Each structure stands twice: as C-alpha cells, then as structure tokens.
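Residue-level structural notes
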Amino acid sequence: MGAALAAPLAMLSARWSHAQTARSIAPQRLVSLDLLITELLLTLGEVPVAVANIPLYRRLVASPALPDSVEDLGPLNEPNLEFLQRLAPTRVLVADWQAPGLVPLTRIAPVLPIKMFAGKTPALEHCENLLSDMAELTGRQMEAKAAIATTNAAIDAARTLLSGFSRPVYICRFNRDGRNIALFGGNGMLGDVANRLNLRNAYKGRVNGAGVTNAPLSRLADEPDAVIVHFDRGAETDVALARLEESALWHALPAVRNNRVIRMPVIYPSGGLRSAERFATQIGTQLAKRADG
Amino acid sequence: MAETSYLLSRPRRLYLPFILTILAVLLFAGYLRTTGLAGALSLFSAPDTSLQSVQLFYGALPRFVVALAAGGLLGLATTLMQQGLGNPLAEPGTIGLLSTSRLTVAIALIWLPVFAGGFVLPVLAGSLLGLVILLGLSWRRKLSPLFLILNGLVLGLVCDAVTSMLILTHYEEIADLLLWQSGSLVQDNWQVARLLSLCLAAAAMVVFLLRKPLSLLDLDDSSARSLGLSPMMARLAAIGLAAGAAATVTAHVGLLAFVGLAGAALARICGARRFADRAIFSALLSAALLLLTDQTMQMAEMVMAIPAGTVTALFAAPLLLYLLHSSRTQPRTGRAFDLHVPHRLVPTRNILLGLTVLFIIATLIALAVGRTPEGFTLAAASELSQLLPWRWPRVAGALAAGGMVALSGCLMQRMTGNHLASPELIGVSSGATLVMLPVIFFLPPLSRSQTMLIAAVGALVFLLIALRLARRSQYAPEKLLLTGLAITALSGSFLSSAIYFGDIRLTRLIGWLSGSTYAVTEADAMIALGLLAATIAILPLIQRWLGLMPLGEPVAASLGVEIRLARLCIIILVAVLTGIATVMIGPVTFVGLVVPHIVRLIGLRKPLAQTVGCVLAGATLMIVSDWIGRTIAFPWDIPAGLVASVIGATVYGITTGRSAR
C-alpha cells in the first residue's frame, strides 16, 4: 500500500526537479571514488563523469546501473591523477577515510570528504542524510525525497508482509570452506533494514564498521528457533553448500533439520537506499512464505 | 661455559611441552564446562544427534586433535627442513613456501575458482612450484644452506608482494583468502583430524626410518660423503618430506606461520641437540604451543572469534625473543656465507659512471613519458609544465626512498659483517610498521613529517633491540635473522588480525604497506631528498669505519676504530634512513637486501664506492619501478614497492645465476 502511494509522488517529483535543475544549477562534472557515493549519485539521477573501479561497482552494486559514458579512474584509493586532470571535474566526492591519501587531488578540483562509516547512527538514517547532502550539492532535493519515500514504502510494505513472522533471523554468507561464515548485524545496512522490518536478528554480537563479522559455523546454533538467510554468490556458495552437506554440525542445526534455510540474491552489504530497498523486498517476500513455519 | 649452562638448565626445561599441554587441557576442560558441552560427555558410548553432542563430538574434539596433529606436523616439518638445510632458521614460512602457496590460492580464487574448492590443489601446486624454483636457483650452489635461505626469502617476498596486489585489486572477491590465511582450526567433522593424524603418523615413521642418514647431515658434506651418504639426496628427501607435511597442514587449516619455527627453536634451547631429540621435542612443543593458542582463542570465542593463525606469532614471538635473550648459547655458524664475488677488471669509476647514466636516463623517462587512454605519450615541452607537478614529487620520493633503503642495507651489512643484514630482514622496517599500525588506526590523521618522525623512532627502537640481542654472538646471522623474523611475524600477525576484523578502509593501509608513492607531496619529497643528500655528504667521513668494521669488532678496534662511537653513528643513520623511507614507500622488503648484493656483484667493493653505488642503484630501481607501476596497468596504479620486488628478484636471480658459473 505504501508503494502504491509513493509511486505517483516519485513521478511528480521527477518532473518538478527537472524544472528546478534547469533553472538554478549549472551542469556539474562530478567524480566519485566510493561505491556507496556512486550508488547514491545514480539514485539521484546524477551521472558522474568518472568513478573509480567500474568493474567492482557493476559486480557488487549493479543497480542503479552505471551508464557506459562514465570513465573508469582505476583503484578506489589511488585514482589516476593525470587522467583525472584531463577530465576536468568540478568536484570530487570521496569517502572520509580515503581523503588523507588523496591530498594531491585538491589541485585538480575541490575534494569533498563524505563520512562513510556512521558509527552509532543506524546505516539507513545515515544514508538518508548522505543522500540529502548530495541533493543539496546537485540541486536534486526532490529526487532525494522521492528516493527516500520509495525506500521507506518498500520497507513498510515488507514489514506489513512480515507482521506474522516471529522467528529470529540469521543473515549470513557461507564461506567456501564450509566451516566459517560471515554474519551481518548491528547498525550496518543489512542489520538496520532487519531492525526496521521488526525482524529479530539472531546474531547480537560485535560487528565491524561495515556491519559484518567472521564467525565459525557453530554460531548458528546459538538460536535454535532461527531462520537462516544466506546470500548467493554463485559458484562460491555452491562450493560452500556442497561442503556443508558433508558436515555433521550443519545437519544438526535445527534450522537445517526443519528446512528453514533461505538462499537469496546477493546485496552489497555497505550499499545505499536502492540496495536497502531490494533487500527489504527480497527478505520480506521470502520470509513471508514461511510465516507459518 | 655454554655447554655447562645447557646441562644445568636441561632438567627444568624438558618439562616445557608437558606444562604447555596441561595448561591447554585445563583450558579445554574449562571451555567444555562453561559452554555446557561437558554434559554431552556422559553419552560417550553413543553420540546422538542432539546439537550439543554434535558440537562436542564433531566440533570441539576434532578441533583439539587437529591442533595437536597440525602443530606436530609443523614441528616435524621444521626440524626436517632445518636438518636438510643445515640452518636453524629454515621453516616452510622462511623459505617462502607458505608465500607461494598463498599466491597460488589467491590466483585460484580469482581466476580458477573451480580448483579452489578445498585449497588443497592450489596449496600443493604452490608448494611444489616454490620448491622447484628454490632448488633450481640453489642447485648451482649445491644447495648451500644460507644461499638457499636467502633465495627462499627473496621468493617469499616477491610472492607476498604480488599477493598484496591481488588483495588490493580484488578485495571483495578474496574474502576467502583473508579467512584462510588467518589459520582457523574450527572443525565440524573428523575428516581433517583423521587426515592430519595419519600424516603425522606416516611422517613420524619415515623420520624414524631415515634417522641415521638424516643425523649424518649434522656433519659437513665431505665427512658425510666419506661415511657413505649422498648429502644431496638426504637433503632433498628431508626438504621434500618437510614441504609435503607443511603443505598438507596449510591446505587444510590455513597459514600457521611461526609455529614450527618456535617449536624447533624452543627444542634447541631446551637442550635437545641430536637430530632425533630435536625432531621429537619440536613436534611436541609445536603441538603444545598450537593447542594452547587455539584453546585460549576458543575461550575467547564467546566474545569474538579470533583464528589461531593470527595469534600464533603473538604468542610465539615474545617467547622466542625472551629465550634468545636469556640463553647464553652460541649458535653454530660453521658455514660462512659468501657470494663468491669474482674480481672484475672494470675500473670502479666506469661502473659508477654507468650507474649514474642509467640513473639519469631513468629519471628523464619517468618525468617525460606517461600514459593516457590512447597509449604511451612523450610529453611535449608545453604539457610538461602541467604534468610535472604530478610527476616530480613521486619520482623524487621514489628516488630518495630507494637510495635510502639501499644505503641503510649496505651500512648494516658493513657494520655487522653479515651479508644478510638489511633493515627488512632484521626487523627494522617491520618495527617501524608495527609502530605505525596503531598510529594509523587510533590517532587522528597526522601530517607526513610527523609520521616520518614516529616511524624513525620506531625503526631506532627495533634496531637497538635487534642489535642488542645479537651482539653477544658477534652478530651471528642466525640470531640477527631470528630476531628480525620474530618482529616481522609480530607485525604481520597484527596486520592479518587487522585485515580479519577490519573493513574496506584497510585497503589504504595495504596500499601503503605495498610501497605506494601515490600520495607523496612536494614537501615530503623535499625533506627526503634533503636527508639523502646530507647522508651522502657524511659518507666520506665514515668510510674508514665502513672499511674496517666488516673485519669484526676486535680487529677494527685494534686498528684504531672507536667502536662505540662508530656503532652509535651508524645505528642512528640507519634508523633515520629506514624510518623515513618506510613512510615514503612502505616497508619495501627488497631494495635494502638485494641492491647491496647486486652492487657488490657488479664489482663495487670499496666502502665509498659501494655506498654511492647503492644509492644510485637503489634510486634507479625505485624510479623505474614507480614509472612501470604508474603506466603498466593504466588507469590502475600499481604500488612501486610491489614492482620493485619483482624487478629486484629477477635481476637478483640473473646475476646470481651468472656469477655461479
């Protein structure tokens, strides 16, 4: 229902902001050196002149799609300076942790460090703030509002779907060795979406700045009632599952015995609003199918 | 003297493996109690399918066995390798086999994921390949022990450099490598435990059967031959067996660096002298050490999962340093190390002139030639004004840092009279890194000159530690290198824990550690150039010291060298040079070791000529590396330190191969 409400709003705002952009802001030549910044810019409909590490963006984030016109500057932390100079950007957006290594860039264009790791702020709130800041910068406030509304609508819709679902959930990725896993939680993007969906995250321990931690497989035994949601990284996940088939511990897990394991398309765990939206929709529909289980 | 202290300490120290094991068993019991798994033990006769029972019988127990078997195998492998190479420093890690395996695993993960299944194939391939390269390089020297170690170190450094680059460029794909290299002993069935135990039994059997010929390797080659042994065959057998055992462990539980080395060194210090004793003791001690480490980590797991491999060095390195310091033993240094440098007829002046010309050409190319999406371009005079502000700080930084590292390697080799001494190998660069890690993580961003100062202080501290520990043995290569390895392993362990727990922000640190000149500013470059120039100006003043000190302290003192003053000056010089170069281009582990060798090989042997030659050659090597790194993979920028390692190793391989004929 939320999504239905948001859709016309998004269309409306798109028309609005075009008029506004044309009026006030000269076209900018932006450059992004971070995957999340790139995702947020594209969410706003602002196409950067160049970004760092295009192949990585296409593989990890993928949507919103990066147009072919965008140039590749090479590594995230050390973009090619001479090439960048030729592209004559008006502003370079970098993650704050990258900035100390990028002092030479300031000679080409103003460098704007953006705080990437939110610390105590939940990741989605942080992303919304970032998006609003970037909207100020590009004069696309309307797109920002629309994007935030769409994401919230998707999350609301998923939460409604999941209202009957009470089991705790492990959100994880299986390591190739079949003995270790990566667990997502805390205030990271995936953990935060789970919180907003009123899902109980079965993993409550420490996570790193990106909201993930490595743990042995036996961690999944801590919450016997849990559902295990894991990300599909293609061949890697196939190898892991083949190994888990041989594992006594795996077969002893209540979730495995009672067929409460869900494989879902991979989401970039440090992604922005679009990634969050996809994750919410995905996990909502998948878990809702098992609400009775 | 040394002999009596051995005998006195013998009875006390033989208990060491047992005390360690008992401690570990107590920890294990504590773990079972606190997790409530002990309850499942009463069902010992019939493990059922309840979760607790499965966790105990398929998790905790096999993990216990794996720790013992893996530790035992590593201890045995290390003793075999040390016997085969006649060198107390040899370990699968120190002769580069762990690094080659790590590289093949990384390559398999990125490009051949089909083969990366259990890491077994890539690890075996990597170890085999490493062994073939190593033996091929060392064959001409009849597997001379120290030469082989040096080749192994070079091989390991190159592979590590390339692996770092792969981690940098494929950070997101290579999570499995980061986990595997941290050496986790977590188990969920008996496969690995069974396999490793069988391997341990088999290896022990083979060692038992071969104990006679292997013991004879303690003698020098000609005596061994007169007793009817082919030393070459015995060595090959020992090394091959050791590499196989180590590869099995590595493939199944990951990198457990330093466990075998610590066990073997402890066994020696405990008083095990004969080969059979050392084999048994180092196997027991390594097993006990690994078990203790892993059980401690298992206790901590409730808070945070930390793999054993990342902490083995944390446990082992301080222990080793302490024992090194407290023991009064004189390591055997029977086999001297010499590169058999042929006397050249080319006059020194011509060689220096040639180096200078090369240096100038390299500088000009690096400044004028660049790469754009269209290809290589020679900058026109008008464009140069735009491009030079980008290029000159990098070129100058590379130049200064390369010259500094090469020079400090040369100074250290002259001061200690030990051709293996170099800032990287005795742990000075790693010490600087060790100090830098917390600075990068916990302090607000510092300016580069502040970091330079901190790194120089770190280098000085660790240089003093290393020299202090090695002084009593007249800077015996073993002691110097053992200290260095301990410090290097310590900083490596910190780094791999940081990588294990950290996020993408760490790629910046890895980039810096790989020797990237990307962020060198004009001010940094000026400071470094100024310091290098000042150091070169001092060189003529200390050339007499440099000429006499390699003869040993007593000789130098009798010829009128003020040893204490000379040593102090050179130490401070080396620390400043190393610290600053480390900040500029990371702890490049190659230039300081290889350049002085190469310079000696091409015929520069007098102190002043050699030091100046080192500055020129080191600077040229770094400038070329930086330029190649900047252009070869456009728009990707490959850190100069990585390129330098590969170039340096190739040049090294060619020169040593040629001069051996």
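Keep in mind that this is a model prediction, so the values were computed, not measured.

Rules behind the numbers
- Residues numbered from 1 in each chain as written.
- Chains lettered and ligands numbered in written order.
- Predicted model: local features only at pLDDT ≥ 70, side-chain atom pairs only at ≥ 80, totals over all residues.
- Core = buried A, V, L, I, M, F, W, Y, C linked by C-beta atoms within 7 Å.
- Buried ≥ 20, exposed ≤ 12 C-beta atoms within 10 Å, placed from the backbone.
- Helix = DSSP H or I, 4+ residues; strand = E, 2+ residues; numbered from the N terminus.
- Contact = placed C-beta atoms within 7 Å.
- Nonpolar A, V, L, I, M, F, W, Y, C, P; charged D, E, K, R; others polar.
- pLDDT = per-residue confidence, 0-100.
- Pairing = 2+ DSSP bridges.

Counting residues in hydrophobic clusters, the biggest one holds 301 residues, and the most contacted among them are Tyr170(A), Ala70(B), Leu73(B), Ile580(B) and Met622(B). In terms of residue count, the dominant contributor to this core is helix H3 (residues 51–85) of chain B (17 residues). Setting aside its immediate chain neighbours within four residues, Met622(B) contacts Ala398(B), Leu399(B), Ala401(B), Gly402(B), Ile585(B), Val591(B), Ala640(B) and Ala644(B).

Taken residue by residue, the interface counts 43 residues in chain B and 43 residues in chain A. Of all the secondary structure elements, the ones that give two or more residues to the side of chain B that touches chain A are H3, helix H7 (175–181), strand E1 (369–372), helix H16 (381–416), helix H19 (477–501) and helix H20 (506–513) of chain B. The dominant element in the side of chain B that touches chain A, judged by the number of residues it contributes, is H3(B), at five residues. Tallied by class, the residues present in the side of chain B that touches chain A amount to 22 nonpolar, 14 polar and seven charged.

Mean pLDDT over chain A stands at 85; residues scoring 70 or higher make up 90%. Note on residues 1–24 of chain A: pLDDT under 50 across the span, and 29 contacts to partners over four residues away in sequence or across chains.

All names here are of chain A. Turning to its location among the elements, Asp34 is positioned in the loop between strand E1 (30–32) and helix H2 (35–43). C-beta crowding within 10 Å serves as the criterion here: with 24 such atoms nearby, Asp34 is assigned to the buried category. In contact with Asp34, other than residues within four places in its own chain, are Leu76, Val94, Ala95, Gln98 and Met116.

Residue and element names in this part refer to chain A. Counted residue by residue, strand E10 (residues 227–232) has five buried out of six residues, so it is predominantly covered. Pairing of strand E6 (residues 168–174) with E10 involves four bridges; the strand directions are parallel. Note that in E10 the partner of Tyr170 across the bridge is Ile228. Relative to strand E11 (residues 261–265), E10 runs parallel, the two sharing five bridges. Along E11, the bridge assignment pairs Ile228 with Val261.

Residues and elements named next belong to chain A. As for its placement among the helices and strands, Met264 is situated in strand E11. Assessed through the 17 C-beta atoms surrounding it within 10 Å, Met264 is described here as partly exposed. With 22 residues separating them along the chain, Met264 and Ala242 place their C-alpha atoms 17 Å apart. Leaving out residues up to four positions away in the same chain, Met264 has contacts with Val229, Phe231, Asp232, Gln282, Ile283 and Gln286.

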